[in-house]
Amino acid sequence: MPKYIVEPFRIKSVEPIKITTRKHREAILKDAHYNPFLVKSEDIFVDFLSDSGTAAMSQEQWAALQTGDEAYAGCRSFYELKKVVKELFGFENFIPTHQGRAAENILFSTIVKEGCAVPSNMHFDTTEANILRNKGEPLNLVADKAFDFNCKDSFKGDMDIKKLKKAIEEYGKERIPVIMLTITNNSGGGQPVSMENIKEVSKVAHAAKIPFFFDACRFAENAYFIKQREKGYSGKTVKEVVQEMFSYVDGFTMSAKKDGLVNIGGMLAVRDAKLFTEIKNLSIIIEGFPTYGGLAGRDLVAIAQGFKEVLDESYLAYRTGQIKYLGEKLNDLGIQTILPFGGHAVYINAKHFLDHIPNEKFPAQSLVNELYLEGGIRGVEIGNIMFGKKDKQGKDIWPKLDLVRLAFPRRVYTQSHLDYVADVFERIAKNKNKIKGYKIVYQAPSLRHFTIKLAPAGN
Ligand SMILES: *Cc1c(COP(=O)(O)O)cnc(C)c1O
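Small disclaimer: the values here were computed from a predicted structure and weren't measured. (Residues numbered from 1 in each chain as written. Predicted model: local features only at pLDDT ≥ 70, side-chain atom pairs only at ≥ 80, totals over all residues. Heavy atoms only, no water.)

**Quick notes on empty space enclosed by the protein**
To keep things clear, this is the line we draw: Buriedness for pockets is judged along seven lines, at least five of which must meet protein on both sides within 12 Å for an open set on the 1 Å grid over protein atoms alone, while cavities are sets there where a 1.4 Å probe fits but cannot get out, and lining residues have an atom within 4 Å of a point. Grid points are joined across faces, edges and corners, and a volume is the space filled by probe spheres set on the points. Only DSSP runs of H or I with at least four residues qualify as helices, and only runs of E with at least two residues qualify as strands; both kinds are numbered from the N terminus onward. Three categories are distinguished: nonpolar for Ala, Val, Leu, Ile, Met, Phe, Trp, Tyr, Cys and Pro, charged for Asp, Glu, Lys and Arg, and polar for the others, with Gly belonging to the last.
In this structure the tally under the stated criterion is three cavities of 30 Å³ or more. Each pocket or cavity is described by its volume, and for the largest cavity that value is around 80 Å³. N35, P36, F37, L49, Q365, V368, G379, V380, E381, I385, H449 and I452 together form the lining of the largest cavity. For the lining of the largest cavity, the elements supplying multiple residues, two or more each, are α14 (363-375) and β11 (380-382). A per-class count over the lining of the largest cavity returns seven nonpolar, four polar and one charged. Looking at the second largest cavity, its volume works out to about 40 Å³. Partitioned by chemical class, the residues of the lining of the second largest cavity number four nonpolar, two polar and one charged.

Written as structure tokens, this is what we have:
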């Protein structure tokens, strides 16, 4: 029996969720064209679609909202956030943005030109899209261990330093405006990056005089894994680990909807004064005056408070413990997952679990739909539908992995919700051979997974 870690909070405000019948869910899913993105949240029992913006705020955050200063310029709330940003990340210069992708838009619109390349361990999809929009080339240089299901390395988010050096040689440093590291690596299983790797990337970047930035959405989860897993860090506080991590970078983009523990918000921070002036000028046009960016004053204080709470080690032990608890229960049922468990989600190898469903009938999407039908649970496919392509001859090219991601909202579900989810998986596993695949009825030209329409494919 997997070890559980008790929730380090009690519940003061409740939001009802309802269990529906399988028959009801069958009708709902059919109406949604077998795409759970098109199902109303009301008809979901446990929602693991995303950990972004789905956190429960604390009593201190709700109280802080009341203190928000909504002055157009120079609001007190900005200076409260600035103090925390300075102390935790060591940055003087930052602008609040409405989300992470707005920070990416402002940064890349300022520094990426046609012919540029931006290396990272792995870009998140909005990061990649914002680089492409500015005619740059995103490079994913994560170490090969990231793709190895059997490898249990502690830091599968690490950048491959050899690949990075080769890219700098190939493109020339003038064509690389920034080197990035995504912590933790969301697109690669929520896997952390080691302090050793952060230091090495910093050394390579700075030797070539290229700025080094974090995509810092899950900075606290990454720091907690460094403390747990990397030699020399067990005696440090998570805050000290965060401070060291950020001492190696020249800037960062962040969606506060993850480790900021808020429902909306983000930021862009830079050390360089000239670059700061440029991003402030652009921010004024597309986000807002630099002391509020794309947010209300009250949002800024909620983030400041969230940054303090997310460092609490009993919270981080519970958070990462939840992922491991459910993940191990699934492993006990013979369900293969990405290992070791990362910071925010369980990633299931659907191609292995539903090996009777061929690629062209979408095994991971079939499991996503079965989870909804059997238990009202919403996960998300990260595989053949999200990344599948056709070559020039019209032949299908499938991604390496066809995964189902169960992303955990922060402080929202309890252990009994996880037990419920494990029970649903147990029932599905018993009858998995009866699960059938799907065929596409409609698809958009890009990012098709959001709006795709499917129909049961039969045998
Ligand atoms: C969520 C996320 C983003 C984008 O942030 P939004 O707030 O959704 O715009 C960028 N990078 C990573 C790694 C993320 O997880």
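From this point, things continue past the structure.
**Quick notes on unusual backbone geometry**
What is expected of a backbone is that most residues other than glycine have negative phi and most peptide bonds are trans. The amide bond that connects I183 to the next residue, T184, takes the cis arrangement and shows omega of -20°. As for its placement among the helices and strands, T184 is situated in the loop between β5 (179-182) and α7 (195-207). Cis peptide bonds are those with omega within 30 degrees of zero, and the linkage from L339 to P340 qualifies with -10°. Within the fold, P340 resides in the loop between α12 (313-332) and β9 (345-349).

**As for the nonpolar core**
This is how the line gets drawn: What is meant by a nonpolar core is a set of buried Ala, Val, Leu, Ile, Met, Phe, Trp, Tyr and Cys residues, joined one to another through side-chain atoms within 4.5 Å. Type-normalised accessible area, obtained with a 1.4 Å probe on protein chains alone, sets the label of each residue: buried when under 20%, exposed when over 50%, and partly exposed for intermediate values. Just so you know, the domain bounds were taken from an automatic or database domain assignment.
Judged by nonpolar contacts, the single largest core of 69 residues is most densely connected at F89, F214, F219, F246 and F307. Among the elements that line this core, the one with the most residues is helix α3 (residues 76-89), at six residues. Among the domains, domain 1 (22-51 + 312-458) and domain 2 (59-309) are the pair contributing at least three residues each to this core. With 33 residues, the next largest nonpolar core counts V368, F408, Y420 and F425 among its residues.

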